[in-house]
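The lines below spell out each chain.
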Amino acid sequence: AKHQGRNRHYLFHDQLKQNLIDRLSLLEDLREACNTRAFSLVYQPQWSLTQQCWIGAEVLIRWQHPKRGAVPPDQFIPLAEREGLIHPITEFVLERALKELTTAGIGRQQLATLSLNLSHTVLINEAVMNRLQGRVHSHRDGQPDIIMEITETAAMENLEATLSAMEYWRAQGMRFSIDDFGTGYSSLARLKQLPLAELKIDRSFIQDLPEDVNDAVITQAILAMAKTLSLDVVAEGVETPEQAQFLKDNGCSVLQGYWLARPVPIGELTHILAHTIDL
Ligand code: C2E
Ligand code: CA
Ligand code: CA
Ligand code: CA
């Protein structure tokens, strides 16, 4: 029995060691990917119900690992945030997106806004924000307006710092959006303090609409609240026509999700923008 216990101990130890090796090698590969800019971008367009047109797109990063295959951003973005790699990654995403849109001839006429995911550590880093701001301004007029998305949880974890950074950059012309809204615990009073252009209702509230009564009530409450604050609302993760209809009937302004369009490389974005949505 003693002998077996010893084996188990070693087994456990080996497992821990393997996990650590995996994490370290992923980090090493991520550093390498940052240096060689081995990422690509996809764009998911957003349909405006109020204006009956494609109004914007969210840019999302992709990493094709030579051995592991596609590594989802949910796996490497948190690592990049912990290791300080998120700063160069964010600069890369903005720079590459602006370049790709310009090359594809997609300007403000075709797409009013481009949404970029912004980690909280980036928002509160003045040097990096200055460079992001510079990138936006160095591009020619006629490009889409940039909207920076910050998750509700990140924004609320450090409300004072979020508030002062947002106010500062808002005055410099940046626009902000609260992402994954409803998953955190913001009060209306606190939300009102932030200089926001829009709210994005988290996918978890959308996925079981319209059947799930709780989600329906929560979604209606968010839409009513946003209306009193004069905020546009983007519903994300819209996968069915029933969800889209429910959101339309309840005054949602913008829809994003697989039912409208999947995230696609720049070359396919033009094709999607040529089609309209029947709703
Ligand atoms: P997010 O900002 O909430 O992005 C929306 C995610 O939902 C994307 O996953 C998108 O592909 C997916 N999605 C869109 N429509 C649907 C739908 O109808 N159904 C379902 N099931 N999913 C849908 P993705 O691209 O894997 O990104 C995951 C998360 O990684 C993002 O969540 C965001 O937090 C982060 N992320 C992605 N790109 C970047 C980036 O460039 N910078 C930063 N800081 N974070 C990023
Ligand atoms: Ca987002
Ligand atoms: Ca989201
Ligand atoms: Ca999310």
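Here the residue index of a chain counts from 1 through its sequence in written order. Throughout, the order in which chains and ligands are written sets their labels, letters from A for the former and numbers from 1 for the latter. At least 70 in pLDDT is required for a residue's local features to be given in this predicted model, at least 80 for side-chain atom pairs to be given and counted, and no such filter applies to totals for whole chains, interfaces and linings, which use all residues. The basis for every side-chain value is the complete set of heavy atoms in the structure, and neither hydrogens nor water enter the calculation.

As recorded in an unreviewed UniProt entry, the protein goes by Bifunctional diguanylate cyclase/phosphodiesterase and comes from Gilvimarinus algae.

Colleague: How should the pairing of strand E8 (residues 232–235) be read in this particular structure?
Modeller: In summary, the side chains of a regular strand alternate between the two faces of the sheet. Alignment of strand E7 (residues 198–201) against E8, held across 4 bridges, turns out to be parallel. Following the sheet pairing, Ile201 is matched in E8 by Ala235. Pairing between E8 and strand E9 (residues 254–255): 2 bridges, direction parallel. By the bridge assignment, Ala235 is partnered in E9 with Leu255. In this fold, E8 hands off to helix H11 (residues 241–249), which returns the chain to E9; that crossover is right-handed. Two strands are said to pair when DSSP picks up at least two bridges between them. The way it works is that DSSP assigns letters per residue, a run of H or I at least four long becomes a helix, a run of E at least two long becomes a strand, and they are numbered from the N terminus. When the strands point away from the viewer and the connection leading from the first strand across the helix to the second strand turns clockwise, the crossover is called right-handed.

Colleague: What is the right way to read the pattern of salt bridges from this model?
Modeller: Opposite charge on two side chains allows them to pair when their charged atoms are near. Any carboxyl oxygen of Asp or Glu within 4 Å of a side-chain nitrogen of Lys or Arg constitutes a salt bridge here. Scanning all chains against the criterion turns up 11 salt bridges. When salt bridges with common partners are traced through the structure, they connect Arg37, Glu91, Glu95, Lys99, Arg131 and Arg135 into a single cluster.

Colleague: Got a minute to help me understand the pairing of E7 in this structure?
Modeller: Here E7 shows two buried faces, one formed by Glu198 and Lys200 and the other by Leu199 and Ile201. Running through helix H8 (residues 188–193), the crossover from strand E6 (residues 175–181) to the neighbouring parallel element E7 is right-handed. Partly exposed describes any residue whose relative accessible area lies between the buried limit of under 20% and the exposed limit of over 50%, with all areas from a 1.4 Å probe on protein chains only and scaled to the type maximum.

Colleague: What am I meant to see in the side chain of Glu58 here?
Modeller: Relative to the elements of secondary structure, Glu58 occurs in strand E2 (residues 53–65). Polar contact is the term for a pair of N or O atoms within 3.5 Å; when the atoms are in protein, one must be able to donate a hydrogen and the other to accept it, and sequence-neighboring residues count only if both atoms are side-chain atoms. Polar contacts involving the side chain of Glu58 include one to the side chain of Gln256, which spans 2.8 Å. Throughout, a contact is declared for two residues whenever any of their heavy atoms are within 4.5 Å. With sequence-adjacent residues up to four places away left out, Glu58 is seen in contact with Val42, Tyr43, Gln44, Gln46, Ser115, Asn117, Glu149, Lys200 and Gln256.

Colleague: Is there a simple way to think about the layout of surface pockets in this case?
Modeller: A probe as big as a water molecule, rolled over the atoms, marks out the empty space that is left. In this model, the largest pocket occupies a volume close to 1,300 Å³. Looking at the largest pocket, it is lined by 39 residues, and the ones nearest its centre are Glu58, Leu60, Pro73, Asp74 and Asn117. Broken down by secondary-structure element, the contributors of at least two residues to the lining of the largest pocket are E2, helix H2 (73–82), helix H3 (86–104), strand E4 (113–117), helix H4 (120–123), strand E5 (145–151), E6 and helix H9 (203–206). Gly counts as polar in this scheme, as do all residues outside two lists: the nonpolar Ala, Val, Leu, Ile, Met, Phe, Trp, Tyr, Cys and Pro, and the charged Asp, Glu, Lys and Arg. Among the residues forming the lining of the largest pocket, the class breakdown is 16 nonpolar, 11 polar and 12 charged. A cavity, in this analysis, means grid points on a 1 Å lattice covering only the protein atoms where a 1.4 Å probe fits yet has no way out; a pocket is instead an open set bounded by protein on both sides within 12 Å along at least five of seven lines, and a residue lines either one if it has an atom within 4 Å of a point. Grid points are joined across faces, edges and corners, and a volume is the space filled by probe spheres set on the points.

Colleague: What should I look at first to understand H2 in this one?
Modeller: Since the α-helix packs 3.6 residues into each turn, any two residues three or four apart lie on the same face. Inspection of H2 places Phe76, Ile77, Leu79 and Ala80 among the buried residues, and these make up the whole buried set. Each buried residue of H2 lies within a common arc of 165° when the element is viewed along its axis, so the set occupies one face. When the buried face of H2 is taken as reference, the exposed residues oriented beyond 90 degrees from it are Asp74 and Arg82. Of the residues trailing H2, Gly84 is marked for its positive phi of about 75°. This arc is taken over the directions from the axis of the helix to the C-beta atoms.

Colleague: I keep staring at the packing of aromatic side chains and nothing clicks. Help me out?
Modeller: Ring pairs (aromatic) are described by centroid distance and by the angle formed between their planes. Stacked, edge-to-face and tilted labels apply to pairs of Phe, Tyr and Trp rings (six-membered ring for Trp) whose centres lie within 6.5 Å, assigned for plane angles under 30 degrees, over 60, and everything in between, in that order. One pass over the full model with this rule turns up 6 aromatic pairs. With 6.1 Å between their ring centres and 65° between their planes, Phe39 and Trp63 make a pair best called edge-to-face. Here Phe39 is found in strand E1 (residues 39–48), whereas its partner Trp63 is found in strand E2, with 24 residues between them in sequence. Judged by relative accessible area, Phe39 falls into the buried class, the value being 5%. Summarising the aromatic geometry, the rings of Tyr168 and Trp169 are spaced 4.8 Å apart at their centres and angled 90° between planes, so their arrangement reads as edge-to-face. Residue class for Tyr168 comes out partly exposed when judged on its relative accessible area of 38%. Every member of this aromatic cluster is reached through a ring pair, and the members are Phe39, Trp63, Phe76 and Phe92. Distance and angle both matter: a charge sits over a ring if NZ of Lys or CZ of Arg is within 6 Å of the ring centre and within 35 degrees of the ring normal. Between Arg262 and the ring centre of Tyr258, over which it is positioned, the NZ or CZ distance is 3.8 Å.

Colleague: Would you mind showing me how to read the coordination of the calcium ion (ligand 3) here?
Modeller: Tetrahedral coordination by four donors puts the ideal angle at the metal at 109.5 degrees, and octahedral coordination by six puts it at 90 or 180 degrees. Those protein atoms acting as donors to the calcium ion (ligand 3) are Asp179 (OD), Asp180 (OD), Glu236 (OE) and Glu236 (OE), and they sit at 2.2 to 2.4 Å. Look at where the donors of the calcium ion (ligand 3) fall in the sequence and you get D-D-x55-E. Sodium, potassium and calcium take a 3.2 Å donor cutoff, other metals 2.8 Å, and in both cases only N, O and S atoms count; water is not among them, so sites may look incomplete.

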